[in-house]
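Close look at the chain arrangement
Chain by chain, the residues run as shown.
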Amino acid sequence: MNRQAKGKTPRRPPPKKTSNNQKDPVGVYCRVRPLGADDEECCIEVISNTTIQLHAPDGLKANRNGEFKETQYSFKKVFGIKTTQRELFEDVAKPLVEDLIHCKNGLLFTYGVTGSGKTHTMTGSPGQGGLLPRSLDMIFNSIGPYQAKRYVFKPDDKNGMEVQNQVDALLDRQKRDSQSTVPKTPTTRRIDPEFADMISPEDACRADGVDEDSSYSVFVSYIEIYNNYIYDLLEETPFDPIKPKPPQSKILREDQNHNMYVAGCTEVEVKSTEEAFEVFWRGQKKRRIANTQLNRESSRSHSVFIVKLAQAPLDADGDNVLQDKNQVNVSQLCLVDLAGSERTSRTRAEGNRLREAGNINQSLMTLRTCIEVLRENQMCGTNKMVPYRDSKVTHLFKNYFDGEGKVRMVVCVNPKADDYEETLLVMRFAEMTQEVEVARPVDRPICGFTAGRRQRNQAFKDELTRRLEERGGPVDGEFPTVLNQLLQSFPPLPPCEVSGPNDDVTLPRLIEALEKRHRIRQMMIAEYNKTANMLKSVLQEQDSNNLSKENFIHEQRGKLGEKDKMIQNQKNEIDRLEKKSKMLEYKIDILQKTTNIYEEDKRSLQHELESREQRLQREMSEKRRMESRMQGIVTDAKLKWEKECERRVNAKQLEMQNKLWVKDEKLKQLKAIVTEGKTENRQPQRPSREKDKVPPKRSASPSPVPTGAPVRPLHRRSHSAGGERWVDHKPSSNVELDTVLQANIPKAIKVNAPNEKALSKCDKYLLTHQEVASDGEIQTKLIKGDVFKTRGGGQAVQFTDIETLKQENPVVASSRKRRSSESGPDGEPMEGDWTDVETRCSVALEMRAGSNLGPGYQHHGYSKRRKP
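In short, a report on the structure. (Residues numbered from 1 in each chain as written. Predicted model: local features only at pLDDT ≥ 70, side-chain atom pairs only at ≥ 80, totals over all residues. Heavy atoms only, no water.)

1. A few points about the overall build of the protein
In terms of regular secondary structure, the protein is built from 17 helices and 26 strands. Expressed as a percentage of its 868 residues, the buried residues of the protein come to 32%. When contacts within the protein are restricted to residue pairs at least 6 apart in sequence, long-range pairs at least 24 apart make up 71% of them. Accessible surface, the protein as shown: approximately 58100 Å² in total, 52% of it carbon and sulfur. (Helix = DSSP H or I, 4+ residues; strand = E, 2+ residues; numbered from the N terminus. Buried < 20%, exposed > 50% of the residue type's maximum accessible area, 1.4 Å probe, protein only. Contact = heavy atoms within 4.5 Å. Areas by Shrake-Rupley, 256 points an atom, 1.4 Å probe, with all protein chains shown as cover.)

Here is the structure:
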């Protein structure tokens, strides 16, 4: 037999919800508890009814930049240390209770560090009831006269409600009364002193607009989430003092509307505030016993008190509840007291305690993560999955964040300095939470009958009772009286006694009276029919008028409802804009402070820049003075050394001239010795007298040697002395030298770089080139050339010769000559040593190339190479 593969059960599609684009932000409130001691350091300051300011304690005042850091946080409303429990309830929990009565869900939870006043805010104390007892009192004050009898509404264990008939409800009540463990009337019980007088009578309040044509029943349940496990605090378990059993944890399930609920959780129907609060304290005592047995702290668990309100319309008679499960509306209000959010290091826990504290912090961290993802999805338009399932707390209340009811949070803070760091984390989480928007729940109207059924039924019963009490009999006894009045309106009958068989008067008279009565009766019947028809028409007209008026009233009510919705939307928009305005004002204040800080920094930097500019100007002026001073010193030193150099040059020139004169004299002696050997065989001539001789003119250059063949000089006259047109090319990189000899060509075209235009106008080219000689001095070379035209129509230069201008220091040159004139390692004779004729001749021949250019200069000429 082939078996078909078993597939997974398809998930039921979620019910279609009415689309509602209107969203409300999560209402976040802040409550500051008073300090434990007057001399204790405070780190929180209430600035306004919406803003608080945190300043670091003395030990943490400096941040990383070493500056004093203060932070401000805004809330929907801030409650100071003088706020009463009633004022807190009026602003925070009362709107949620009103929504609960009008078939809307609500979630209210307190958040803060251990010891910040969360439990006092939620539960309160005798004479100062918290949010929970005041919410219960307001519920029963509002629906008290309209409550259904016990067991008319019955939970179906699937997060829904069933409606029982009167017989089944009566049987359940009798069964409950027969149990000895449950007293018959809760009002006769002795009130527990722990919750006695929680709310004073003058603080009692009630909701407006309660539907009188509906019946209500209140069910409460109390659970605890500890170490990520859910425990039912109202579950009836046998107590074993010898071996107590730990409580069994519960699981979360999803109902047909995809709402989360605790499966198997005990739901107790209560009929008064005292009974509901007694159930709450019964769960509190069980929680304390469990904490004692398991050695754990109550502040390390989350407690959730759930109030369910079931309501259904009355039937057409206005007497019984309508037996239709689809017409039952169930709304719930969850009051959550979260565990303390302090760090595990501060709890000083070890072992199991440390692990449990880590789990609690993990659940709170999951709550923060869900809030962050919701905020990111709404602000950035992303569609990230919110990790509700990572924690039981977030998984249980995920429907509220998806738009199934209002969400409000009361942040409780302790202003003492020891809680500063934890309070700072709480403030950041609260600031992020109020940026999350939750879809506004849609109205769920009850589909009933004509309004006022209960009131009319009650009025009928009262009138019937009154008449029965007045008459002492049935109301139908009025009919004979009316009949007698009608009979009396007819004419009287004549005597009917017949005198004998021949009496012909009595019977005709009786017949005539009866006919007259018949005619009167017919006339009365016609008049009655006419009057009845008229009355019927009048009644029909009245009915039509009433129907039209009812339609008009219904239409006006619809318009009024639309106007109310419009007004409410405008109020919400105004509130949103006011909040946005306050937020912008707060941001403007922050930006103003930041701007002031930047302006101060700018002024200080500007001042520092001006001071540095002034110092730089002083340094620049000082530098200019130093430069002018050094320039003056250099100029003076330059003039001084120029004069000294000129003096030394003149002295050296004079010395060299003297030496040249000595050499001329020696050359003359040599010439005389040479000519003396040739003229020995000739006749001696008469020497001229000394007085007849003309003394030779002393010159810087030696006299030409009177030899037979003329000696060709090694240099020739420069071509620049002619009438040719020259191009004088002096590169811009050349250094100006203060030498006596300068290349000066008249009518020359001076250029820094050769070009074709200049070369076409000239026939000679001169390049002034400078380079460093081997002795470190700058020598100038004058490279000359001829300019000629090429076949292509251009210009070309052919270099012919080079003239060199070299500058030397005479002191160095004389020392060099002095060193060279001394006998070196080769044993050459020194200057002034005259050995023989050959030596003197060689010395004389070496002096033939002397020039008259002055000491320190040499002029070398390179003749143009000519073709043979």
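2. Overview of the pattern of salt bridges
Tallied over the entire structure, the rule returns 27 salt bridges. Through salt bridges with shared partners, a single network forms among Glu644, Arg647 and Arg648. (Salt bridge = Lys/Arg side-chain N within 4 Å of Asp/Glu carboxyl O.)

3. Structural notes on the packing of aromatic side chains
Evaluation of the coordinates by the stated rule reveals 10 aromatic pairs. Measuring from centroid to centroid gives 4.8 Å for Tyr111 and Phe429, while their planes differ by 50°, and the two rings are tilted. Taken together, the residues Tyr111 in strand 7 (residues 105–112) and Phe429 in helix 11 (residues 420–433) connect sequence positions 318 residues apart. Note on Phe429: relative accessible area 3%, which makes it buried. Here the aromatic rings of Tyr765 and Phe799 are separated by 6.0 Å at their centres, their planes lie at 70°, and the arrangement is edge-to-face. Here Tyr765 is found in strand 24 (residues 764–772), whereas its partner Phe799 is found in strand 26 (residues 795–806), with 34 residues between them in sequence. (Phe/Tyr/Trp six-rings, centres within 6.5 Å; stacked < 30°, edge-to-face > 60°.)

4. Considerations on the sheet that holds strand 4 (residues 51–55)
With respect to topology, three strands assemble into an open sheet ordered 3-4-5, the strand pairing being antiparallel. In the strand order of this sheet, the two ends are held by strand 3 (44–46) and strand 5 (70–74), each with one partner. Ignoring which end each strand starts from, the neighbouring axes of this sheet average 25° apart. Across the face of the sheet, helix 11 comes into contact with strand 3, strand 4 and strand 5 while running at roughly 145° to strand 4. (Pairing = 2+ DSSP bridges. Axes fitted to C-alpha atoms, helices over the stretch in contact; angles between N-to-C directions.)

5. Thoughts on the environment of Val220
On the secondary structure map, Val220 appears in strand 12 (residues 214–226). The buried category is assigned to Val220, whose relative accessible area is 1%. Sequence separation between Val220 and Val270 is 50 residues; the distance between their C-alpha atoms is 7.3 Å. Once residues within four sequence positions are removed from consideration, Val220 is found in contact with Leu234, Thr266, Glu267, Val268, Val270, Val279, Phe305, Ile306 and Val307.

6. Focus on a negative patch on the surface
Residues Glu642, Glu646, Glu736 and Asp738 make up a contiguous surface patch of negative charge. Looking at the element boundaries, Glu646 is found in helix 14 (residues 506–678). (Patch = residues over 30% accessible without salt bridge, like charges linked within 9 Å, V, L, I, M, F, W, Y side chains within 5 Å. Lys, Arg positive; Asp, Glu negative; His and termini not counted. Charge placed at Lys NZ, Arg CZ, Asp CG, Glu CD.)

7. Things to note about a nonpolar patch on the surface
The grouping of Met534, Leu535, Val538 and Leu539 at the surface amounts to a nonpolar patch, some 360 Å² of accessible area in total. With respect to the element layout, Met534 can be found in helix 14.

8. So, a positive patch on the surface
Taken together, the side chains of Arg725, Lys747, Lys757 and Lys761 make up a positively charged region of the molecular surface. Mapped onto the fold, Arg725 is located in the loop between helix 14 and strand 22 (726–729).

9. Brief notes about unusual backbone geometry
A positive phi angle is found at Tyr151, which is not glycine, with a value near 70°. As for its position among the elements, Tyr151 is in the loop between helix 4 (131–143) and strand 10 (153–155). Even without glycine at this site, Asn228 takes up a positive phi of about 65°. Residue placement: Asn228 occurs in the loop between strand 12 and strand 13 (229–232). When its relative accessible area of 31% is taken as the criterion, Asn228 is described as partly exposed.

10. Remarks on the sheet that holds strand 24
The pairing of strands in a sheet comes from backbone hydrogen bonds and takes either a parallel or an antiparallel form. With mixed pairing, five strands are arranged side by side in an open sheet as 23-22-24-25-26. The sheet is open, and its two borders are formed by strand 23 (749–751) and strand 26, each paired with just one other strand. Between one strand axis and the next, the sheet turns by 25° as a mean value, whatever way the strands run. Inspection of the sheet shows strand 22 paired to strand 24 by four bridges, in the parallel sense. Bridge assignment links Asp728 to a residue of strand 24, and that residue is Leu766.

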